Each structure stands twice: as C-alpha cells, then as structure tokens.
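Next come the chains, spelled out residue by residue.
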Amino acid sequence: MSRLPPDVPAAHQSPVNTGSEDTATPERAVRAGALYVVATPIGNLGDLSPRARDVLAGVDRIAAEDTRTTGVLLAHCGLRRPLVALHEHNEDRIAEALIAAVARGESLALVSDAGTPLVSDPGYALVRAARAQGVPVYAVPGPCAVIAALSICGLATDRFTFAGFLPSKSSARRARLQEFLHEPRTVIVYESAHRIGDSLADLVAVLGEQRQICLAREISKRFEESITASAAAVLAWQTADAHRSLGEFVLVIEGVAAATDDANAERVLRLLLGELSPSRAARLAAEITGAPRKQLYELALRAGASNQNQGENEDNDAPK
Ligand code: SAM
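Just so you know, these numbers come straight off a predicted model, no measurement behind them.

Q: Sorry, what's going on with the confidence of the model for the protein here?
A: When pLDDT drops low, the exact placement of atoms in the prediction is not to be read closely. Taken over all residues, the pLDDT of the protein has a mean of 89, while the share at 70 or more is 86%. Low pLDDT, under 50, characterises residues 1–24; the predicted model gives this stretch 21 contacts beyond four residues in sequence or across chains. Counted against residues more than four places away or in other chains, residues 305–316, with its pLDDT under 50, gives 21 contacts.

Take a look at the structure:
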C-alpha cells in the first residue's frame, strides 16, 4: 500500500499496482471489495487482453450493459460468471446498491457491449458511487474506438478532444460542427451508420471542403477501412460505395491550428514557385514555415510548377 499525504482522504486511496506481482496469475488478478472497469473488444475478440479475461474470471459479479452480449464474450472465453444488467435506464437506480455490496467485500467488474465503459457507454453513476463510498476502482485498459481511430488517422495527436456522438438532427448537428470551426485541437466524434452520409455533408457545409478529416469504419473487424483526406474527398469516398453506409464509424477532424499551418505553408510555397524551381521553393518554404520539405515538394509538383526556373540540375537536390 502506498503512503499518501495526510490531506488525502483514505476513501480515495488506491492500492498501488506494484507490477508483476499484481498481474501474474488469475487468482491474484482480483481483490475483494473493489470495482474493475474492464475494456472489451470493439470488434476483434482477439483484442480482449489476458488480464481482462483474468479479471472477468475472478470477480464475484459482472455488471454488463447487455447481459446477452457479455454472455457471448464470456462463452468465447469459456467462462460463466453471475451477471447483472447495468444500462442507461437503470444505472442511476441500482448503482448505489451494487457499490454497497462491493463495500461489503464483493468484487465487481463493469463492462459495456464493446470498448471502454463510460466512453459513450454506461458506468458513470457506478464509478461515481464507488468513489463516493471509498471503494477502490481499478482500470483494466483496452480497446476504445476513439483512441484506435486517433492512432491511425495521421492527424495531430498531441492535443485532442472527444465530442461523443454528433446530434441526430441536421440543424443541431450543424450547430455542433460550428463549435469546431476554430477548434485548435483534433476533434473525434462517433457516428452511426444511418447518419454518416448526412453528417459528412453537414461537415463539408460547415467546416469547408478543404478541412482534413479521417473516417475510420469497422475498426479491427473484417471490413475495416479508413481514409484521411479533405472533407470533400472523404464524402465522395463514402458515397461511392454502398457498403460504406454500413457498420460503425469514427470521424476525426483536423484542428484549425494544423489546418492553418498547412494553408500558410501552401501559400508561401505558391508564392515562391513563381520565382523558383519546385525543389528550391519547397526547401525555402519548409525553412520559412517549418512544414516538411518532402510534403511541400510533392505539393509543388502536383501544383504543376512553372518550368521557367526548372533547370534539370536544379532538381538534383529533390528531397529523397
Ligand atoms: N465504449 C465504446 C468505445 O470505447 O469505443 C464506444 C461505445 S459507443 C455506444 C459505440 C460507437 O463507437 C459506435 O457507434 C461507433 O461510432 C464507435 N465504434 C465502436 N466500435 C467501433 C469500431 N469497431 N469501428 C469504428 N467505430 C466504432
């Protein structure tokens, strides 16, 4: 047990995970009188971590968003555990009682249908109740569609914000998208299959055709695919194939600072291209703006650089 400063209430102390000794064996995976928030796969069952399985095997009870869905997961693992349904319609009502049982010594795991509980999923009232009653809460980290999409999108990851689901009505959705007009951080939203086309059209209308976005679909599943391009290009890609209106979607939207940086680098490059060869213009624009030289060089070639200053020798220093 760690020593905490005296001003930290005992109710908020959590036993410290000391590493291998706490994670080694199934029988040691679970402590009595604790709540475990367990992430489960978002598509590929192989993504359930060994520790998640051990915790599910070791707890007295599992609170599940849908007991049938979790039953399938447990059967896949060869497990049978007592389940209790905890969903958005009963969570507020039963959270206190569930945590009271944990306070008396029961060990409880919380799972949702897929991914990390509480991320656009039930569990908030349960974790709040645990904190309020001084019950230790442990994370069993794992799949989460927000983080999975962020990790593959190729947009800035140093600062990001998750905005849940976009509203279902177009007027409210456009108002929400307006909030992202000047958002400097990368924005991640969830979207459902039957709204993805309309939402992309609204996104183009509000944030413009040129905003870079990533659309990731069916992450970790058989038909996983994703694209990062301008909003207009992603909309065209999505509408080009009826299959792309099926499944589960995450939308990642580039922050304005990055978009502005790109636009500025492009503006400088275009100015220089009036006077210099593509390689020299790209090198100078990279020095001025800090943008990657190779990216600017490719842009210069695409822009159909003027041949005026494009001596053969000059381009020998093209970025490799
Ligand atoms: N708690 C979950 C998590 O950690 O990702 C999210 C639950 S939320 C109710 C379900 C939404 O997450 C879907 O509508 C979709 O936007 C996104 N999502 C879940 N699984 C996904 C997947 N395999 N591929 C893409 N998006 C997914």
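Q: Help me out: how do you make sense of the sheet that holds strand β1 (residues 35–38) in this one?
A: Whenever strands of a sheet pair, they do so through backbone hydrogen bonds, lying parallel or antiparallel. If you walk across this open sheet you meet the five strands as β3-β2-β4-β1-β5, and the pairing is parallel. Among the strands making up the open sheet, the edge pair consists of β3 (83–85) and β5 (137–140). Neighbour to neighbour, the strand axes of the sheet diverge by 25° on average, direction disregarded. Here three bridges tie β1 to strand β4 (residues 108–111), and the two strands are oriented parallel to one another. By the bridge assignment, V37 is partnered in β4 with L110. Helix-sheet contacts for helix α3 (residues 67–77) involve β2 (61–64), β3 and β4, and the interaxial angle to β3 is about 150°. Those strands touched by helix α4 (residues 91–103) are β1, β2, β3 and β4, and its axis lies near 160° from that of β2.

Here is what the cut-offs are and how they apply
Residues numbered from 1 in each chain as written. Predicted model: local features only at pLDDT ≥ 70, side-chain atom pairs only at ≥ 80, totals over all residues. Heavy atoms only, no water. pLDDT = per-residue confidence, 0-100. Contact = heavy atoms within 4.5 Å. Pairing = 2+ DSSP bridges. Helix = DSSP H or I, 4+ residues; strand = E, 2+ residues; numbered from the N terminus. Axes fitted to C-alpha atoms, helices over the stretch in contact; angles between N-to-C directions.

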